[in-house]
Amino acid sequence: MQITVTDAASHWFQEELALKPGEAVRFFGKVYGQTAVHDGFSLGMERAEVSQPIGQVEKDGITYFASDSDAWFFADYDLAIDYDAQLDEPKYALPKH
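Reading the values: rules and limits
Residues numbered from 1 in each chain as written. Predicted model: local features only at pLDDT ≥ 70, side-chain atom pairs only at ≥ 80, totals over all residues. Heavy atoms only, no water. Pairing = 2+ DSSP bridges. Helix = DSSP H or I, 4+ residues; strand = E, 2+ residues; numbered from the N terminus. Patch = residues over 30% accessible without salt bridge, like charges linked within 9 Å, V, L, I, M, F, W, Y side chains within 5 Å. Areas by Shrake-Rupley, 256 points an atom, 1.4 Å probe, with all protein chains shown as cover. Salt bridge = Lys/Arg side-chain N within 4 Å of Asp/Glu carboxyl O. Lys, Arg positive; Asp, Glu negative; His and termini not counted. Charge placed at Lys NZ, Arg CZ, Asp CG, Glu CD. Buried < 20%, exposed > 50% of the residue type's maximum accessible area, 1.4 Å probe, protein only. Arc of directions from axis to C-beta.

Engineer: Help me understand the pairing of strand S6 (residues 79–84), please; the structure alone is not making it clear to me.
Structural biologist: Two faces make up the sheet, and in a regular strand the side chains alternate between them. Pairing of strand S1 (residues 3–5) with S6, which is carried by three bridges, proceeds in the parallel orientation. Its bridge partner being in S6, Thr4 is matched across the sheet by Ala80. Relative to strand S7 (residues 89–93), S6 is paired through five bridges, and the arrangement is antiparallel. Bridge pairing in S7 places Ala80 opposite Ala93. Counting the residues in the hairpin turn of S6 and S7 gives four residues, including Asp88, whose phi is positive at 55°.

Written out as structure tokens, the structure is:
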């Protein structure tokens, strides 16, 4: 799986989560909600130590990753992270790879 993070999204994460270079954000599937590819599950994120990544990217010194424990959620998909200025929050896309 590939993860991409736009400059605007990276800036949002750094500001909102008070991230410093060397820190990381983990993305995972969680119960409730909906994505374009999963009914009943949504995408969650948290500050975390990198552990068993199935996909990761570093941007501005921050590592963005998904763990092996969430391979079921990301199977056959990549994760594209952008920023929605109107909502002042990240927006996610799960394109097939």
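That shown, we press on.
Engineer: Mind showing me how you'd approach a negative patch on the surface here?
Structural biologist: Together, Glu15, Glu16, Asp88 and Glu89 make up a negatively charged patch on the protein surface. Among the secondary structure elements, Glu89 is positioned in strand S7.

Engineer: Looking at this structure, how should I read the pattern of salt bridges?
Structural biologist: It is possible for side chains bearing opposite charge to pair when their charged atoms get close. The final tally for this structure, using the stated rule, is four salt bridges. A salt bridge links Glu23 to Arg47, with the shortest nitrogen-to-oxygen separation between them at 2.8 Å. Of this pair, Glu23 sits in the loop between helix H1 (7–16) and strand S2 (24–34) while Arg47 sits in strand S3 (residues 39–47), and the two are 24 residues apart along the sequence. Using a relative accessible area of 26% as the deciding quantity, one classes Glu23 as partly exposed.

Engineer: So what exactly am I meant to see when it comes to H1 here?
Structural biologist: Turn by turn, an α-helix covers 3.6 residues, leaving residues three or four places apart pointing in a common direction. Turning to H1, its buried residues are Ala9, Ser10, Trp12 and Phe13. Summarising the axial view, the buried residues of H1 lie within an arc of 160°, below the 170-degree limit, and thus occupy one face. Exposed residues on H1 whose side chains face more than 90 degrees from its buried face are Asp7 and Glu15. The first or second residue beyond H1 is Ala18, which carries a positive phi of 50°.

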